[in-house]
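The chain contents come next:
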Amino acid sequence: MPSSIRPGDVLAGRYRLVDLLSESGDGRFWRAHDRVLERHVAIHVISAEDARAESLLEAARRSATVLEPRILRVLDAERSGGLCYVVNEWGQGTSLDIMLASGGVLTPRKAAWIAGEVAGACRYAHHRGVPHGRLNPENVLVDTSGSVRVIGWAVDAALHGRPAGTTEDDLADLAAVLYAGLTGRWPGRSDSAVPHAPRDHGQVLRPRQVRAGIPRTLDEICDAVLNPGREQTPDAPTTVAGVVAALDDFVGDPTGIPEALVQRLVARG
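Rules of the game
Along every chain, residues carry numbers that run from 1 in the direction the sequence is written. Since the coordinates come from a predicted model, pLDDT governs what is reported: local features require at least 70, and pairs of side-chain atoms require 80 or more to be given and counted, while whole-chain, interface and lining totals use all residues. The side-chain numbers reported here are obtained from all heavy atoms of the structure, hydrogens and water having been left aside. Side-chain atoms within 4.5 Å link the members of a nonpolar core, which is a set of buried Ala, Val, Leu, Ile, Met, Phe, Trp, Tyr and Cys residues. The buried label goes to any residue with under 20% of its type's maximum accessible area, the exposed label to any with over 50%, and the partly exposed label to all in between, with areas taken from a 1.4 Å probe on protein chains only. Contacts are residue-level and defined by heavy atoms, with any inter-residue pair within 4.5 Å sufficient. Comment: elements are numbered from the N terminus, with helices defined as DSSP H or I runs of at least four residues and strands as E runs of at least two. The pairing criterion for strands is at least two bridges between them, as found by DSSP. The convention used is that axes are lines fitted to C-alpha atoms, helices contributing only their stretch in contact, and that angles between N-to-C directions extend from 0 to 180 degrees.

(A) Region of the structure containing the nonpolar core. In terms of nonpolar packing, the biggest core is built from 63 residues, with W153 and L178 touching the most fellow members. The residues contacting L178, other than those within four sequence positions of it, are A111, A112, A115, L218, I221, C222 and L247. By size, the runner-up hydrophobic cluster in this structure holds 12 residues, among which are Y15, A32, I43 and V45.

The following block contains the structure:
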């Protein structure tokens, strides 16, 4: 069982467990050291008998086909020794949920740039038929260089016992990432520790109704995607490609944004 493994144990004769980072149900998330390539990796471990094991390995196989620099890659996946584990590229930095909780909302350009980077990753992966499935602030990492890296592509949904995601779910959660950066509230389909966005008659309040000073362009992106039944501005984007284009146009030259985001990183205790 995952609970029987401890720091210092070695999986597959290669991955030495270093730190237990989190636990969720019967799963464990570790930082480990790859003794072959001499680098840190992230490892999710569950029991080989866990009902999620087969879907987790299948999700890892799908995720491994997506080679995009903004996505933390699956490096290995195996079921052996009574365990099922997935090895991911390691990312050092601060996730968006922690960034918002510790330092408050982002400026509109920073929020738009982060969401645009996530949108670009989505566009690439969706063209290869692999949605994320659980795109939330916890899975959006700003690393120590200020780059955006998305965690748990396809794999995180499987670990949480969810079916393979859809591009429609990713689109809604992508707009929700932008909304969260702007307001500190979460209106997405996936769960998150970020406080829920307010709603009125079943529809998410527009960002400008939650916080003053949000540019109309960003407000319209969020509203068009999150409230599809409501009358929208004719050119409001309703696809991932449309969101990418709109956010790129809004941000313009991103010089200085990654460096500024590094100042928002939270040191681990």
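(B) Broad picture of helix α7 (residues 216-226). Within α7, nine of the 11 residues are buried, leaving the element largely enclosed by the surrounding structure. If you check which residues of α7 are buried, you get L218, D219, E220, I221, C222, D223, A224, V225 and L226. In this fold, the buried residues of α7 make contact with α3 (108-127), α5 (167-183), α6 (207-210) and α8 (240-251).

(C) Looking closely at the sheet that holds strand β4 (residues 39-47). Read across the sheet, six strands follow the order β1-β2-β3-β4-β6-β5 without closing on themselves; strand pairing throughout is antiparallel. Of all the strands in the sheet, the pair left with one neighbour each is β1 (10-11) and β5 (74-80). Across the face of the sheet, helix α1 (residues 53-63) comes into contact with β4, β5 and β6 (83-89) while running at roughly 155 degrees to β5.

(D) Focus on unusual backbone geometry. Within the chain, A12 stands out as a residue other than glycine whose phi angle is a positive 55 degrees. Among the structural elements, A12 can be located in the loop between β1 and β2 (15-24). Backbone geometry places E38, a non-glycine residue, at a positive phi of 55 degrees. By the secondary structure assignment, E38 is in the loop between β3 (27-34) and β4. E38 gets classed as exposed once you look at its relative accessible area, which sits at 56%.

(E) Fine view of the pairing of β3. With respect to burial, β3 is a largely interior element, eight of its eight residues being buried. Taking every second residue as pointing to the same face, both faces of β3 are buried, with G27, F29, R31 and H33 on one and R28, W30, A32 and D34 on the other. Note: β2 against β3, eight bridges, orientation antiparallel. Bridged to S24 within β3 is G27. Here β2 folds back onto β3, and the loop between the two strands holds two residues, one of which, G25, carries a positive phi near 60 degrees.

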